[in-house]
Amino acid sequence: MTVVLHTRAELRAWLDRTRGPRGVVLTMGALHDGHVALMRAARAEVGDAGTVLVTVFVNPTQFGPGEDFTRYPRTLDDDVARCTAAGVDAVFAPDVHEVYPEDEEVPTYDPGPLADDLEGAIRPGHFVGVLTVVARLLRLTEADVTCFGEKDYQQLALVRRLPELEPALAQCRFVGVPIVRDADGLAGSSRNRYLTAEERVQALVIPESVRLVRELCADGIPAAQAERVGRGFLSTSPGVTVDYVVVRSETLGPAPVAGPARVLVAARVGTTRLLDNGPIEIRGVRP
Ligand code: PAF
């Protein structure tokens, strides 16, 4: 049975009575199969002698004005049921005062220029909010290992920097877990539930654009041209507004001329912003 903890005092008591390595999965709830994959990965990391803890906290500091903080789905009972089915030992679902007490200074982290690129350019300050809460929750839960989905690829790249930025996390390992897709190909996301049935069908061009860019690069089309074709394909698709289609190195630097890389896509369908990405192999320009 999964234990549900709401306060830091309850969390402290639980930490004191458990033993072995601790795997932590950070979430904002509205859990889906992608989160379950993270829970399984955390269990694989710590084994049966360790414990897996899932946090459910909709972090206000990573939402900008006018974003979906207030309407973000809050489904704690369903989330706990999913955690129980996945063999999670504990859920920590604090309220905002437990995470950010008024009488405590919460350290913030400067993640560098990558935080102002792509998602950061569209959502200013987002990654400072993410890194702050990730560091905070990993410290509170005393995580030995934490698993993050590749769906939020830029987030994963940035949180991997935390052990250098926060000495208390120097020993925590960050594990990336591949995207889990629904049967129709859409990448799993808590925000998919905002989509109407029609928008859901329209959104399928997003994973198709990832495939398209992958195929072009594998065929020897230069990355910049593949990006343009991908963007053109998405921007002429009904109901879709493109934010970006880019090819980058695996660490989100400039795209290499040849070799392994990543395509990242962000687009809006109706009022819902969706992200997708995938590994690609750039074959290099054909002679
Ligand atoms: O990816 C998310 O759901 C959030 O950004 C995270 C990591 C739980 C921090 O609030």
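Bear in mind that the values here come from a model prediction, so they are computed numbers and not experimental data.

**Q** What am I meant to see in helix 2 (residues 33-46) here?
**A** Turn by turn, an α-helix covers 3.6 residues, leaving residues three or four places apart pointing in a common direction. Across its 14 residues, helix 2 extends 20 Å between first and last C-alpha, which sits within 8% of the 20 Å expected from 1.5 Å per residue. Along helix 2, the residues classified as buried are G34, H35, V36, L38, M39, A41, A42, R43 and V46. Against strand 2 (22-27), strand 3 (51-56), helix 3 (76-85), strand 5 (145-149) and strand 6 (173-177) lie the buried residues of helix 2. The positive-phi residue at the C-terminal boundary of helix 2 is G47, with phi of around 70 degrees.

**Q** I'm lost on the nonpolar core in this one. Help?
**A** Nonpolar side chains in soluble globular proteins tend to be buried together. Within the largest apolar cluster, 43 residues are counted, with the highest numbers of intra-cluster contacts made by L53, V134, L138, V159 and L162. Those elements that provide at least two residues to this core are helix 1 (8-17), strand 2, strand 4 (90-92), helix 6 (126-140), helix 7 (153-159), strand 7 (240-248) and strand 8 (259-269). Among the elements that take part in this core, helix 6 stands out by supplying nine residues, more than any other. Apart from residues lying up to four places away in sequence, V134 is in contact with L26, F148, V159 and L162.

**Q** Got a minute to help me understand the sheet that holds strand 9 (residues 272-282) in this structure?
**A** By way of backbone hydrogen bonds, the strands of a sheet pair with one another, either parallel or antiparallel. Strand order in the open sheet formed by three strands is 7-8-9, and the pairing between neighbours is antiparallel. Two strands close off the open sheet at either side, each with one partner strand: strand 7 and strand 9. Within the sheet, the average angular offset between the axes of one strand and its neighbour, ignoring direction, is 15 degrees. Bridge count between strand 7 and strand 8: eight bridges; the pairing is antiparallel. Bridge assignment links Y244 to a residue of strand 8, and that residue is A266. Along the sheet, helix 10 (residues 205-218) makes contact with strand 7, strand 8 and strand 9, crossing strand 9 at roughly 20 degrees.

**Q** Help me understand the side chain of S190, please; the structure alone is not making it clear to me.
**A** On the secondary structure map, S190 appears in the loop between strand 6 and helix 9 (197-202). Beyond its immediate stretch of four places on either side in the chain, S190 contacts G29, A30, H32, H35, Y72 and P73.

Procedures and definitions
Residues numbered from 1 in each chain as written. Predicted model: local features only at pLDDT ≥ 70, side-chain atom pairs only at ≥ 80, totals over all residues. Heavy atoms only, no water. Helix = DSSP H or I, 4+ residues; strand = E, 2+ residues; numbered from the N terminus. Expected span 1.5 Å × (residues − 1). Buried < 20%, exposed > 50% of the residue type's maximum accessible area, 1.4 Å probe, protein only. Contact = heavy atoms within 4.5 Å. Core = buried A, V, L, I, M, F, W, Y, C linked by side-chain atoms within 4.5 Å. Pairing = 2+ DSSP bridges. Axes fitted to C-alpha atoms, helices over the stretch in contact; angles between N-to-C directions.

Structural measurements only, silent on function.
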